[in-house]
Amino acid sequence: MSAFADISATSGSTGNRVTNAIAMASRRTGVDFGYLLGQAKIESSLNPTARAATSSATGLYQFIDQSWLAVVDKHGSEYGLGWASDAISRGANGRYYVADPDLRQQILDLRKHPETASVMAAEHAADNKAYLESKLGREAEPVDLYLAHFLGVGGASKFLSVHDRAPDATAASMFPSAARANRSIFYDRSGNARSFAAIRDRFAAKLQKSSDSLGGPAQYADASLPNGAKTVQPADYVRIETQRLAQQPDIMVKPQPQTARLAYLMLATLGR
């Protein structure tokens, strides 16, 4: 059992742990909390161990193997995961690999860990946000980040550049492969090609619906909230989880040897 498996056993429901992890990732990176929560809802229904049937996609944010190795290689050392990023190499063909198969699996299994998955998803979104803003010359909105997740950041940049200057143009001809694989997104029920604006608006509505289905700010039984309030905002998630961890120091300082480095991830996240 890992150090963080111990944490989940004492922190109430898995849902609380997941939401706390997303809130802390949002605070650490500045990426919109609602976007990260909505994306996780869409991708995995907030199930940390979700696994796709048709690909290697795993975890809250359904990272495939290569995407996960790439983001851990780039950002892992910022969160006490230098042992993982140091083990990842990139071949001449551009693919990421880990020489030791057991260590590779350990790194891939981090996708099932809510705190790690959330902060890596947030860093990935922050990278995409910076790239899109440099190309578009405007602020990237949450729906734009989801388009980067859907089309890849290069594809999203191309899509949004056309959207911003010709929103009523149809998108299928510019993205034929994506349109073939996702016909219901690029075409309406009558077979008419949707415009750039219509597609972006549908993604925005999908994100909003995911947030709404969560009931807005969560309800948390916490007597320390001011005036007896029961509505918890992102900052409250962070405060509650910080206080809970402070009351259980043994969980953090006595992890299993094989997960010692991983146990410091939460401390690093909370301390920044």
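Parameters at a glance
- Residues numbered from 1 in each chain as written.
- Predicted model: local features only at pLDDT ≥ 70, side-chain atom pairs only at ≥ 80, totals over all residues.
- Heavy atoms only, no water.
- pLDDT = per-residue confidence, 0-100.
- Contact = heavy atoms within 4.5 Å.
- Salt bridge = Lys/Arg side-chain N within 4 Å of Asp/Glu carboxyl O.
- Helix = DSSP H or I, 4+ residues; strand = E, 2+ residues; numbered from the N terminus.
- Buried < 20%, exposed > 50% of the residue type's maximum accessible area, 1.4 Å probe, protein only.
- 1 Å grid on protein atoms, 1.4 Å probe; cavity = no way out; pocket = protein on both sides within 12 Å on 5 of 7 lines; lining within 4 Å.
- Points joined across faces, edges and corners; volume = space filled by probe spheres on them.
- Nonpolar A, V, L, I, M, F, W, Y, C, P; charged D, E, K, R; others polar.
- Axes fitted to C-alpha atoms, helices over the stretch in contact; angles between N-to-C directions.
- Parallel < 35°, antiparallel > 145°, perpendicular 65-115°, else oblique.
- Left-handed = near helix turned anticlockwise from the far one by under 90°.
- Core = buried A, V, L, I, M, F, W, Y, C linked by side-chain atoms within 4.5 Å.
- Phe/Tyr/Trp six-rings, centres within 6.5 Å; stacked < 30°, edge-to-face > 60°.

Participant: Help me understand the confidence of the model for the protein chain, please; the structure alone is not making it clear to me.
Facilitator: Across the protein chain, pLDDT averages 80, with 72% of residues at or above 70. For the stretch residues 1-12, pLDDT sits under 50, and the model shows 27 contacts to residues farther than four places along the chain or on other chains. Overall, residues 215-232 carries pLDDT values under 50, and its contacts beyond four positions in sequence, including any with other chains, amount to 29 contacts.

Participant: Which parts of the structure should I look at to understand the pattern of salt bridges?
Facilitator: The full count for this structure, using the stated rule, is nine salt bridges. With a shortest N-O distance of 2.9 Å, Asp 65 and Arg 111 are connected by a salt bridge. In this pair, Asp 65 sits in helix 4 (residues 65-75) while Arg 111 sits in the loop between helix 6 (101-109) and helix 7 (114-136), placing the two residues 46 residues apart along the sequence. Judged by relative accessible area, which is 5%, Arg 111 ranks as buried.

Participant: What exactly am I supposed to notice about the layout of surface pockets here?
Facilitator: To find leftover empty space, one rolls a probe the size of a water molecule over the atoms. Size it by volume and the largest pocket reaches roughly 670 Å³. Residue lining of the largest pocket: 28 residues in total, with Phe 63, Ser 67, His 124, Asn 128 and His 149 positioned closest to the centre. Per element, the largest residue contribution to the lining of the largest pocket is seven residues, and it comes from helix 8 (residues 142-165). For the lining of the largest pocket, the per-class residue count stands at 15 nonpolar, eight polar and five charged.

Participant: Is there a simple way to explain the packing of helix 3 (residues 33-44) against helix 8 in this structure?
Facilitator: Helix packing for two helices is described by the angle between their axes and how far apart those axes are. Orientation of helix 3 relative to helix 8, taken along the N-to-C sense of each, is 40 degrees, at an axis distance of 10 Å. The orientation of helix 3 relative to helix 8 falls into the category oblique. The handedness of the crossing between helix 3 and helix 8 is right-handed. Where helix 3 approaches helix 8, its residues Tyr 35, Gln 39, Ile 42 and Glu 43 are matched on the opposing element by Pro 142, Leu 145, Tyr 146 and His 149. Its residues assigned to classes, the contact of helix 3 with helix 8 comprises five nonpolar, two polar and one charged.

Participant: Would you take a moment to explain the nonpolar core for this structure?
Facilitator: One broad rule of soluble globular proteins: the nonpolar side chains tend to lie buried together. One finds Ile 22, Trp 68, Ile 107, Phe 159 and Phe 186 to be the most contacted residues of the largest nonpolar core, which totals 58 residues. Broken down by element, the residue count for this core peaks at ten residues, all from helix 8. Those residues within four positions of Phe 186 in sequence are excluded, and the remaining contacts are Phe 150, Ala 171, Ala 172, Phe 175, Ala 178, Ala 179, Asn 192, Ala 193, Arg 194 and Ile 199.

Participant: How should I be thinking about the packing of aromatic side chains in this particular structure?
Facilitator: The description of an aromatic ring pair uses the distance of the two centres, along with the angle that the planes make with each other. In the structure shown here, the tally under the stated rule is five aromatic pairs. Ring geometry for Phe 159 and Phe 175: centres 5.9 Å apart, planes at 45 degrees, overall tilted. Residue Phe 159 is found in helix 8, and its partner Phe 175 is found in the loop between helix 8 and helix 9 (176-181); the two are separated by 16 residues along the sequence. According to the relative accessible area criterion, Phe 159 is buried, its value standing at 0%. Here Phe 175 falls in the buried class, since its relative accessible area comes to 9%.

Participant: So what exactly am I meant to see when it comes to the environment of Arg 104 here?
Facilitator: The residue Arg 104 is located in helix 6 in this model. When its relative accessible area of 26% is taken as the criterion, Arg 104 is described as partly exposed. Each C-alpha atom of the pair Arg 104 and Asp 65 lies 9.8 Å from the other, and the pair is 39 residues apart in sequence. Sequence-distant contacts of Arg 104, defined by excluding residues within four places in its chain, comprise Asp 65, Leu 69 and Val 98.

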